[in-house]
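Geometric and topological summary
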Amino acid sequence: MVGPNRPLFVLFGSSIVQFSYGLQGMGATLADLYARKADILLRGYAGWNSRMALQVLDKIFPKDAEIQPSLVILYFGGNDSIDPEVPDSTHVPLEEYVENMKKIALHIKGLSEKTRLILLSTPTVNEDQIVQCYGDNVGRTNEKSRIYSEACIQLSQELGDKVIDLWSVLQERPDWLTTCFWDGMHLTQEGSEIVAKKIKMVLTEAEWEPSLHWKKMPDEFSDITI
């Protein structure tokens, strides 16, 4: 633990979060934007689904912690949407996924009155590229991703939270099939930049008090002179 205490931003999710300091991902982008302004904390677990996240929710976000996050970016869904018939499937039925995400979101928002939440929906996938890399589609399809993405978006709207539709925004790039993924499901630098840009847009447009826009937050030790 080092001080002084800064606002804390937590990224909680599966592989998209765990790998988000590579290839100019959202973790790296936020760490750069908020240098001297906020601490960016990754809690990413490749291969996890929403059911697994619930098991550690109280450990990652204890309600009695002295310092509570100012912002949490939450992503689960890609592993939940996997075909239940594949070996070692991490599939979670849609209704349970929605209920799990609701429990996680409400827990996070209950940490403090100033804790803000951004959800990331299940991204699209390149099925052909997955087959090329792994020999089969490992239980992932673009249609299943769409269904879980739409469920996450609907839940976010019901809860009044910010959400980024990753399934749609990645496909806004005309050449997304060849540029956004390195294995059909994990993001390249180009794909990561799209996600980071959308997060920056939310942070710019959100009417939160206090503001979490990087240009409106003070620099640490700005009063220190020679």
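Here, every reference points to the structure presented above.
One structure accompanies this document, and this report is about it. Counting from 1, residues in each chain are numbered in the order their sequence is written. Where totals are concerned, whole chains, interfaces and linings use all residues; where local detail is concerned, this predicted model gives features only for residues with pLDDT of at least 70, and gives and counts side-chain atom pairs only at 80 or more. Here the side-chain values reflect all heavy atoms present in the structure, with hydrogen atoms and water set aside.

1. Re empty space enclosed by the protein
Here a cavity denotes grid points, spaced 1 Å and computed from the protein atoms alone, that fit a 1.4 Å probe unable to get out, and a pocket denotes an open set having protein on both sides within 12 Å along at least 5 of 7 lines; residues with an atom within 4 Å of a point are the lining. Grid points are joined across faces, edges and corners, and a volume is the space filled by probe spheres set on the points. Tallied over the full model, the rule gives one cavity of 30 Å³ or more. As a volume, the largest cavity reaches approximately 130 Å³. If you trace the largest cavity, you find 16 residues lining it, with Tyr75, Gly78, Pro123, Arg140 and Met185 closest to the centre. For the lining of the largest cavity, the per-class residue count stands at five nonpolar, ten polar and one charged. Residues were grouped as follows: Ala, Val, Leu, Ile, Met, Phe, Trp, Tyr, Cys and Pro as nonpolar; Asp, Glu, Lys and Arg as charged; and all remaining residues, including Gly, as polar.

2. Quick look at the sheet that holds strand S2 (residues 39-44)
With parallel pairing, the five strands of this open sheet are ordered in space as S2-S1-S3-S4-S5. The open sheet has two edge strands with one neighbour each: S2 and strand S5 (162-164). Strand after strand, the sheet turns through a mean of 15 degrees between neighbouring axes, direction not considered. The rule for pairing is simple: two strands pair if DSSP sees at least two bridges between them. Under the DSSP-based scheme used, a helix requires at least four consecutive residues in state H or I and a strand at least two consecutive residues in state E, with every element numbered from the N terminus. The pairing of strand S4 (residues 116-120) with S5 spans three bridges and is classified as parallel. Its bridge partner being in S5, Leu120 is matched across the sheet by Ile164. Here a residue-residue contact requires only that any non-hydrogen atoms of the pair lie within 4.5 Å. The axes used here are C-alpha line fits, helices contributing only the stretch in contact, and every angle between their N-to-C directions lies in the interval 0 to 180 degrees. Contacts between helix H9 (residues 189-205) and the sheet are confined to strand S3 (71-75), S4 and S5, with S5 contributing the most and set at about 160 degrees to the helix.

3. A word on the pairing of S4
A simple rule labels every residue: compare its accessible area, found with a 1.4 Å probe on the protein chains alone, to the largest value its type can have, and call it buried under 20%, exposed over 50%, or partly exposed in between. Most of S4 sits out of view: four of its five residues are buried. In this region the chain leaves S3, passes through helix H4 (residues 94-109) and returns to the parallel neighbour S4; the handedness of that crossover is right-handed. When the strands point away from the viewer and the path from the first strand over the helix to the second turns clockwise, the crossover is right-handed.

4. Considerations on unusual backbone geometry
Geometrically, the link from Glu209 to Pro210 is a cis peptide bond, its omega value of -5 degrees lying close to zero. Checked against the element boundaries, Pro210 lands in the segment after H9. Even without a glycine there, the phi angle at Gln24 is positive, about 55 degrees. Assessed through its relative accessible area of 44%, Gln24 is described here as partly exposed.

5. A look at the pairing of strand S1 (residues 8-13)
Of all six residues in S1, six are buried; the element is thus mostly enclosed. With burial as the criterion, each face of S1 is covered, one bearing Leu8, Val10 and Phe12 and the other bearing Phe9, Leu11 and Gly13. Relative to S2, S1 is paired through six bridges, and the arrangement is parallel. By the bridge assignment for S2, Val10 is matched with Leu41. In the sheet, S1 pairs with S3 via five bridges, with the strands oriented parallel. Its bridge partner lying in S3, Phe9 is registered against Leu71.

By themselves, these are just geometric observations and shouldn't be taken as functional.
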